[in-house]
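# Survey of secondary and tertiary structure
Listed here are the chains, written in short residue letters.
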Amino acid sequence: MDDSAEITMYGADWCRDCRRSKALLDGEGVAYRYVDVEVSKEAADEAMSISGRPNIPVIVFPDGSHLVEPSDEALRTKLAAV
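Not measured: the values here are computed from a predicted model.

### Side note on the pairing of strand β1 (residues 7-11)
With five of five residues buried, β1 is to be regarded as a mostly interior element. Side-chain alternation along β1 places Ile-7, Met-9 and Gly-11 on one buried face and Thr-8 and Tyr-10 on a second face that is also buried. Note that β1 and strand β2 (residues 32-36) share five bridges and pair parallel. Each bridged residue has a counterpart across the sheet, and for Tyr-10 the counterpart in β2 is Val-35. For the crossover from β1 across helix α1 (residues 16-27) to β2, the handedness is right-handed.

Laid out in structure tokens, this is it:
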């Protein structure tokens, strides 16, 4: 994966799936920008506009694609392809 490409993860501290995805990204040494949807309504609205639904995490990749509530397997597969 190209380390200069930015991944953005929208999530919240209370969200178990967000913590799991964040731990996977951290464990794999992947650089990403974390946006806490609890901090502002704009951040929550942005995540919703990307995914079309209120679920988190929303993980956006440099190619413009995104995953919502991905399994560890789905996230690893996507990371390998980026």
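### Notes on the environment of Val-60
Positionally, Val-60 belongs in strand β3 (residues 58-60). Val-60 sits 27 residues away from Arg-33 along the chain, and the two C-alpha atoms are 9.8 Å apart. Non-local contacts of Val-60, meaning those with residues more than four positions away in its chain, are made with Glu-6, Ile-7, Thr-8, Tyr-10, Ile-50, Ser-65 and His-66.

Calculation notes
Residues numbered from 1 in each chain as written. Predicted model: local features only at pLDDT ≥ 70, side-chain atom pairs only at ≥ 80, totals over all residues. Heavy atoms only, no water. Buried < 20%, exposed > 50% of the residue type's maximum accessible area, 1.4 Å probe, protein only. Helix = DSSP H or I, 4+ residues; strand = E, 2+ residues; numbered from the N terminus. Pairing = 2+ DSSP bridges. Right-handed = clockwise from strand over helix to strand, strands pointing away. Contact = heavy atoms within 4.5 Å.

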